[in-house]
Amino acid sequence: MLNLLSGEKLCALILVGLFYAESSCPITDDIRIVYSLVNGVGPASKIWVEDFLWWWQAYDPSVRYLGMTAEDMQACDFASYPNLKVYINPGGNAYDQLTALGTKGTSNIRNFVTRDQSISTSAYVGFCAGGYIASHDYLWETIYEGPGYYNYAENPPISLFP
């Protein structure tokens with residue numbers, strides 16, 4: 001006969017599973033660079049960034065990098081990894097990327113880039129849409145995109161640059 005878990009044990013097991021799922025971050029101590037693979041990253045931009053990092057690592061084996069999904073970016077407190085130095089955001093569709101990152105992902109990026117640089121340096125590199133989403137607002141094809149765009153009412157999600 002099948003031995004079923006009691007309700008209390010089953011609830012505890014589910015809670016442990018939820019905690020583990022929410023807190024799993026794939027960054028290891030040897031990773032120096034992370035780059036975004038969230039929905040909205042353009043296929044050509046993804047290839048370009050991956051080829052660039054592969055080429056760089058071929059000349060400098062200390063270059064260790066990791067592609068990050070939206071789930072990874074939401075689960076990882078980048079600022080708490082002192083060996084992590086660079087976040088790269090490729091081009092593509094800025095709106096889709098910000099939607100995929102969500103509040104937690106954008107907060108993790110902002111906190112990483114604005115951490116105390118005297119303790120551990122960090123940098124943001126954005127290409128095309130990656131540059132747009134790091135700014136407070138901008139003009140795109142003669143259309144102002146600022147507060148009210150990207151599902152935010154007043155404050156832009158990343159806003160690293162004026």
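Above this note sits the structure.
As the structure is a computational prediction, the values presented were derived from the model and not from experiment. For every chain, the first residue of the written sequence is number 1, and numbering continues from 1 onward in sequence order. The model is predicted, so local features are restricted to residues of pLDDT at least 70 and side-chain atom pairs to those at 80 or more, both for listing and for counting; the totals for chains, interfaces and linings are taken over all residues. Working from all heavy atoms in the structure, the side-chain values ignore hydrogens and water.

Q: Give a description of helix α4 (residues 94-113) that names residues and reports values.
A: Labels follow the DSSP assignment, with helices taken as runs of H or I lasting at least four residues and strands as runs of E lasting at least two, numbered in each case from the N terminus. Under the convention used throughout, the expected extent of a helix is 1.5 Å for every residue step, that is, one less than its residue count. The terminal C-alpha atoms of α4 lie 19 Å apart, and with 20 residues this falls more than 12% below the ideal 28 Å at 1.5 Å per residue. Residue burial is assigned from relative accessible area. The probe radius is 1.4 Å, only protein chains are included, and a residue is buried under 20% of its type maximum, exposed over 50%, and partly exposed in between. When α4 is considered as a whole, its buried residues turn out to be Ala-94, Gln-97, Leu-98, Ala-100, Leu-101, Gly-105, Thr-106, Ser-107, Asn-108, Ile-109, Phe-112 and Val-113. At its buried positions, α4 is contacted by α3 (70-75), β3 (86-89), β4 (123-126), α5 (129-133) and β5 (138-140). Sitting at the head of α4, Asn-93 places a side-chain oxygen 3.0 Å from the backbone nitrogen of Tyr-95. We call two residues in contact whenever any of their non-hydrogen atoms come within 4.5 Å of each other. Side-chain atoms alone can form a polar contact between residues adjacent in sequence; in general such a contact is a pair of N or O atoms within 3.5 Å, and within protein one must be able to donate a hydrogen while the other accepts it.

Q: Any details on the state of the cysteines? Residues and values, ideally.
A: The disulfide criterion is simple: two cysteine sulfur atoms within 2.5 Å. Here the structure, examined in full by the defined rule, presents 1 disulfide. At a sulfur-sulfur separation of 1.8 Å, the disulfide partner of Cys-25 is Cys-76. Here the S-S torsion is close to 110°, and the disulfide linking Cys-25 with Cys-76 is therefore right-handed. With Cys-25 in the loop between α1 (7-23) and β1 (33-36) and Cys-76 in the loop between α3 and β3, this pair connects stretches of sequence that are 51 residues apart.

Q: Lay out the environment of Thr-114 in plain terms, naming residues and giving numbers.
A: Secondary-structure assignment places Thr-114 in the loop between α4 and β4. Judged by its relative accessible area of 52%, Thr-114 falls in the exposed class. It is 9.7 Å that separates the C-alpha atoms of Thr-114 and Tyr-124, two residues lying 10 residues apart in sequence. A distance of 2.7 Å separates a polar atom in the side chain of Thr-114 from the backbone oxygen of Arg-110.

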